Amino acid sequence: MENAIKIDVRDIDKKKIALYDCIYFGTEFCENLIPVYEKKLDKVFSFGKKICILTPIITDKGLKELKSLFTNLKKYDDFEITLNDFGALMLVKELDIRCRLNIGRHLSKLFFTIKKNHIEVNDPESLKILNDIDINTFEVSNFLFSNKSISINLNNFDIKFNIYYPYVLLSTTRTCLIGLDDISLDHSVKSIICRNECIYSDYIVKTGKIKEDLIVSQNSTFIENKSTILFDKKTLLNINRTVFCVRP
């Protein structure tokens, strides 16, 4: 089982990643940050580690930025790409990028239902389509399972999971929670320029309705889960890699 670390542009530190097999780097949530991460590729690849590049949900605007990123990646060796948009998958095929592909946290929920003590496949046919193009690794958060008796029904598919910890992804929005001005419901966000404030800060939100603190980072919301249930190989034998997140 591999150990990876997810870093962002604030955390590019060779000492911090020394003990890990793989570096996760890129914007998993917001297309506005694609150029920010692209500028730091040379620095991250200089560490000589296996690299997994994270990519977000994209619009037409993001597709253009992502094409630039993918074209730039072709000059490097030994990397993976985590996909959170089927448009990104099509772009990988169009540009003939030869690397391992993972299905990211946003897309994985389309294929699996994760309950308190059970993981099951939603649609076996969709998994077969991905398996046919050599995609069999899915990325999920370290979910809040209720006990150590976790059952998995994978319908005999050869599926592997990469587990992010300690932060559990709860939701992602298309409208940024941090860097956009307040606008009326009938106003378009197209004219608003992103200030990239999320690069520098995350926020803790407390509410009496939820016991855990909510963590707002970029355009997504998380809670922290320090449980190690999923890392017990006797409990979940399909873990391919753990991904420690320095930040959400």
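Above this text sits the structure in question.
Residues numbered from 1 in each chain as written. Predicted model: local features only at pLDDT ≥ 70, side-chain atom pairs only at ≥ 80, totals over all residues. Heavy atoms only, no water.

Draft legend 1. Quick look at the sheet that holds strand 14 (residues 220–224). Pairing within the open sheet is antiparallel, and its 4 strands lie in the order 11-14-13-12. Strand pairing shows two members of the sheet lacking a second neighbour, strand 11 (167–172) and strand 12 (203–207), which therefore form its edges. Here the strands of the sheet are splayed against their neighbours by 35° on average, with no regard to which way each runs. Two elements, strand 13 (residues 210–217) and strand 14, share 3 bridges in a ladder whose sense is antiparallel. Each bridged residue has a counterpart across the sheet, and for Ile215 the counterpart in strand 14 is Phe222. (Pairing = 2+ DSSP bridges. Helix = DSSP H or I, 4+ residues; strand = E, 2+ residues; numbered from the N terminus. Axes fitted to C-alpha atoms, helices over the stretch in contact; angles between N-to-C directions.)

Draft legend 2. Highlighting the packing of aromatic side chains. Per the counting criterion, the structure on display carries 11 aromatic pairs. Residues Tyr20 and Phe244 carry aromatic rings whose centres are separated by 6.4 Å and whose planes lie at 10° to one another, so their mutual orientation is stacked. Here Tyr20, found in the loop between helix 1 (14–17) and strand 2 (22–26), pairs with Phe244, found in strand 15 (residues 239–245); they are 224 residues apart in sequence, far enough to count as distant. When the centroid spacing of 4.9 Å and the interplanar angle of 85° are considered together, the rings of Phe112 and Phe138 count as edge-to-face. Of the two residues, Phe112 is situated in strand 6 (residues 112–114) and Phe138 in strand 8 (residues 137–141); the sequence distance between them amounts to 26 residues. Here the two residues Phe112 and Phe138 agree in accessibility, since each one is buried. A connected cluster of aromatic rings, assembled from ring pairs, spans Phe86, Phe111, Phe112, Phe138 and Phe161. Over the face of the ring belonging to Tyr164 we find Arg105, whose NZ or CZ atom lies 4.0 Å from the ring centre. (Phe/Tyr/Trp six-rings, centres within 6.5 Å; stacked < 30°, edge-to-face > 60°. Buried < 20%, exposed > 50% of the residue type's maximum accessible area, 1.4 Å probe, protein only. Lys NZ or Arg CZ within 6 Å of the ring centre and 35° of its normal.)

Draft legend 3. Local environment of the side chain of Thr55. With respect to the helices and strands, Thr55 occurs in the loop between strand 3 (50–54) and helix 4 (60–73). Judged by relative accessible area, which is 0%, Thr55 ranks as buried. Looking at Thr55, its side chain comes within polar contact range of the main-chain oxygen of Thr82, at 2.6 Å. (Polar contact = N/O pair within 3.5 Å; in protein donor to acceptor, adjacent residues only side chain to side chain.)

Draft legend 4. Structural view of helix 7 (residues 124–132). Of the residues making up helix 7, those classed as buried are Ser126, Leu127 and Leu130. In an axial view of helix 7, the angular spread of the buried residues amounts to 100°, which keeps them on one side of the axis. Seen from the buried face of helix 7, the exposed residues on the opposite side, beyond 90 degrees, are Glu125, Ile129 and Asp132. The elements touched by buried residues of helix 7 are strand 5 (100–103), helix 6 (105–111), strand 6, strand 7 (118–121) and strand 8. Positive backbone phi, at 65°, marks Asp134, one or two positions downstream of helix 7. (Arc of directions from axis to C-beta. Contact = heavy atoms within 4.5 Å.)

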